[in-house]
Amino acid sequence: MSLLPRAPSEVEVVAHRGVSAEAPEHTLAAYQQALTLGADAVECDVRMTRDGVLVCVHDRRINRTSTGRGVVSALDLAELEQHRVVRRRPRGAALRGRPARPVVGDVDDEVDDEPDEDAGRVLTLDRLLDYVTASPGHVGLAIETKHPTRHAGQVEAALLTSLRRFGLLSGRRPPEWSGRPAVRVMSFSPTALRRVRVLAPDLPTVHLVRQILPRTRTRTVPPPGSAVGPSLALLRQDPGLVGRLHRAGLQVHVWVVNRPRDMEFALSLGVDAIITDETAALLHLLGRDGPRSSTSTG
């Protein structure tokens, strides 16, 4: 199977952790902004709390993105909800002369925070799925499971249970919205993706990679029809990777592409999806400014 490069107008625009330039990452406000701008899909990271709840948090620890401290998998949801989700900014950025917060032995302390009054709670995956499925005009979901974790395969099992509960997985296959699967699962962990394929063989997966896939470890290569998610740095190092993956029947979803020149570079390679923090800029480059139509197919 061989895939043809995407025309720029067909490239999927994926809002990375929502629109985190406008609201704290992984908050409902950030995802609301992504839908307002007209993103094709939104990306989120999921981790499991100590009491088995999937929450949208990127880091292993909550230090960087909340007013609290601690490891997500060692905290119950109620403990997480005691802290506010915040927007973090580099020290010295628009502080207007306020004294910097002292460093307390952690690189995460070298930032200042700005409370988000509209979305102060940690966002559970179920709250995000409820919002997306209830919104007019369907936006796709790219959900990354974070590993390693003490919960191991419980993460993928719980994820699939939530997808079924919200009608995003019927049998083994997600519905299609606007001609694309409504949801896909991403991970850097080949083991995690194999779990997904065993439990839901028709659910699209994306193997995220930072370096060239070793030719000798063919077990790490996704099956035809799925996708590989190389970093922008990897494509800069090896632009021909896109063509090779397409010839192998794999889509290419590149991350994280924020500068206009990098967007143009990725588009020139014919990638299938671009994951970006700068959703508005990418949509403008593609000539697709304005909110998504409420019409969907599938």
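Structure shown above.
Procedures and definitions
- Residues numbered from 1 in each chain as written.
- Predicted model: local features only at pLDDT ≥ 70, side-chain atom pairs only at ≥ 80, totals over all residues.
- Heavy atoms only, no water.
- Buried < 20%, exposed > 50% of the residue type's maximum accessible area, 1.4 Å probe, protein only.
- Helix = DSSP H or I, 4+ residues; strand = E, 2+ residues; numbered from the N terminus.
- Pairing = 2+ DSSP bridges.
- Right-handed = clockwise from strand over helix to strand, strands pointing away.
- Phe/Tyr/Trp six-rings, centres within 6.5 Å; stacked < 30°, edge-to-face > 60°.
- Lys NZ or Arg CZ within 6 Å of the ring centre and 35° of its normal.

**A closer look at the pairing of strand β11 (residues 227–230)**
The side chains of a regular strand alternate between both faces of the sheet.
Link 1 in the chain: Burial along β11 is two-sided: Ala227 and Gly229 facing one way and Val228 and Pro230 facing the other are all buried.
Link 2 in the chain: With 4 bridges joining them, strand β10 (residues 205–209) and β11 adopt parallel strand pairing. Bridge pairing in β11 links Val206 to Ala227.
Link 3 in the chain: Direction of pairing for β11 relative to strand β12 (residues 251–254): parallel, over a ladder of 2 bridges. Following the sheet pairing, Ala227 is matched in β12 by Gln251.

**Some words on the pairing of β12**
Link 1 in the chain: One ladder, built from 2 bridges, connects β12 with strand β13 (residues 273–276); its direction is parallel. Bridge pairing links Val254 to Ile274 in β13.
Link 2 in the chain: In the classification by handedness, the crossover that spans β12, the intervening helix α8 (residues 260–269) and the parallel β13 is right-handed.

**Points about unusual backbone geometry**
Link 1 in the chain: Even without a glycine there, the phi angle at His26 is positive, about 60°.
Link 2 in the chain: Classification of His26 by relative accessible area gives buried; the value is 3%.
Link 3 in the chain: Its identity as a non-glycine residue notwithstanding, Ser178 has a phi of 55°, on the positive side.
Link 4 in the chain: Residue placement: Ser178 occurs in the loop between β7 (176–177) and β8 (180–181).
Link 5 in the chain: Relative accessible area serves as the criterion here: at 35%, Ser178 is assigned to the partly exposed category.

**What about the packing of aromatic side chains?**
Link 1 in the chain: Inspection of the entire model under this criterion finds 1 aromatic pair.
Link 2 in the chain: Ring plane angle 90° and centroid distance 5.6 Å describe the contact between Phe188 and Trp255, whose orientation is recorded as edge-to-face. Taken as a pair, Phe188 in the loop between β9 (183–187) and α5 (190–199) and Trp255 in the loop between β12 and α8 lie far apart in primary sequence, 67 residues in all.
Link 3 in the chain: The ring of Phe188 carries Arg210 above its face, with NZ or CZ at 4.2 Å from the centroid.
Link 4 in the chain: Lying over the aromatic face of Phe265, Arg236 brings its terminal NZ or CZ to 4.0 Å of the ring centre.

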